[in-house]
Amino acid sequence: IIGTTEANQLGYQCEYLEGSLHHLIEDYNYVEVLDENGIRVPLDNIGRLAVTNLKKHNFPVIRYLMGDSGRILSQKCQCGRGDRILDYQGRWDDIVVIGLMNLKWSDLRNALQNLPLSEMQLLVTDESERDHLYLKLESSDDSEKLRDNVIKNIFSKIPEFENHYKESLFKLSLEIL
C-alpha cells in the first residue's frame, strides 16, 4: 500500500503488480502527475505526484504535492480491475527520510563541499526494521583521513544526523571510490 498522512491510502498491489507498480484508489483520492509548473503531464510520463482528497470533510486535501514522483501508465492490468496503474518512482524533492529524521540532500552536499569529492551517491534501504544509509563518494583521495573528515563534517554541519546515528536509529555504510 502507498499512502500519505495527509490523504491516506493512494494505491495497492494486486496479484499481478509488484515492485513500484500499484493500482490507484480513485474512489477515495484523485492522483495527478504534474510537471515543474503544475501542469498535468500525459500518461506514461514521469512527474511530481499531487493528490486531491475531498472525502476528508474536516480537512480536504487539494493538489497536495507529496514530494514523490511517478507516472500513471496507459496500460491496463491483467487482473481486470479498472483502477489506473501508478508506477511509483520515489522522491521528487531533496529530502530523504532516514531513521526518525528528514535529511536534505542539499544539507549533506553542503557539509561535504570543502572536501576533495567529485561525485556523491546516496541510497536508503529499510533492512531488518532499521534504515540503512549507503553513502558512496568519488575522490582521487581514498585515505582514511578523508573518510574521517567526511564523518566529522557531516556530524558538525548536521547535528541531528550525529544524534540519530549514535542512537543507532540507522546504519551507515561509507564507501569512497
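Attention in this report is confined to the structure presented alongside it. (Residues numbered from 1 in each chain as written. Predicted model: local features only at pLDDT ≥ 70, side-chain atom pairs only at ≥ 80, totals over all residues. Heavy atoms only, no water.)

## Some words on unusual backbone geometry
Then comes step 1: Even without glycine at this site, Asp44 takes up a positive phi of about 75 degrees.
Then comes step 2: One can find Asp44 in the loop between β4 (30–34) and β5 (47–53).
Then comes step 3: The backbone of Ser168 shows a phi angle near 60 degrees, a positive value even though the residue is not glycine.
Then comes step 4: Considering the arrangement of structural elements, one finds Ser168 in the loop between α3 (159–166) and β12 (170–176). (Helix = DSSP H or I, 4+ residues; strand = E, 2+ residues; numbered from the N terminus.)

## Comments concerning the packing of helix α2 (residues 144–157) against α3
Then comes step 1: It is the contact of α2 with α3, at a shortest axis distance of 4 Å, that shows an interaxial angle of 110 degrees. Compared by their axis directions, α2 and α3 come out roughly perpendicular. Residues Ile154, Phe155, Ser156 and Lys157 of α2 lie in contact with α3, whose contacting residues are Pro159, Phe161, Glu162, Tyr165 and Lys166.
Then comes step 2: Of the residues contributing to the contact of α2 with α3, the split by class is five nonpolar, one polar and three charged. (Axes fitted to C-alpha atoms, helices over the stretch in contact; angles between N-to-C directions. Parallel < 35°, antiparallel > 145°, perpendicular 65-115°, else oblique. Contact = heavy atoms within 4.5 Å. Nonpolar A, V, L, I, M, F, W, Y, C, P; charged D, E, K, R; others polar.)

## What about the environment of Glu127?
Then comes step 1: Its location among the elements puts Glu127 in strand β10 (residues 119–127).
Then comes step 2: In this structure the C-alpha to C-alpha distance between Glu127 and Arg84, which are 43 residues apart in sequence, comes to 30 Å.
Then comes step 3: Other than its neighbours up to four places away in sequence, Glu127 contacts His132 and Tyr134.

## A word on the sheet that holds β4
Then comes step 1: Reading across from one edge, β1-β2-β3-β7-β6-β5-β4 is the order of the seven strands in this open sheet, with antiparallel pairing throughout. If you trace the sheet from one side to the other, it starts and ends with β1 (2–4) and β4, each paired once. Pairwise comparison of adjacent strand axes, ignoring direction, gives a mean angle of 45 degrees for this sheet.
Then comes step 2: Note: β5 against strand β6 (residues 61–73), five bridges, orientation antiparallel. Directly across from Val51, in β6, lies its bridge partner Tyr64. (Pairing = 2+ DSSP bridges.)

## Quick look at the environment of Leu17
Then comes step 1: In this fold, Leu17 is placed in the loop between β2 (8–12) and β3 (21–24).
Then comes step 2: With 124 residues separating them along the chain, Leu17 and Asp141 place their C-alpha atoms 44 Å apart.
Then comes step 3: Non-local contacts of Leu17, meaning those with residues more than four positions away in its chain, are made with His22, His23, Cys77 and Ile85.

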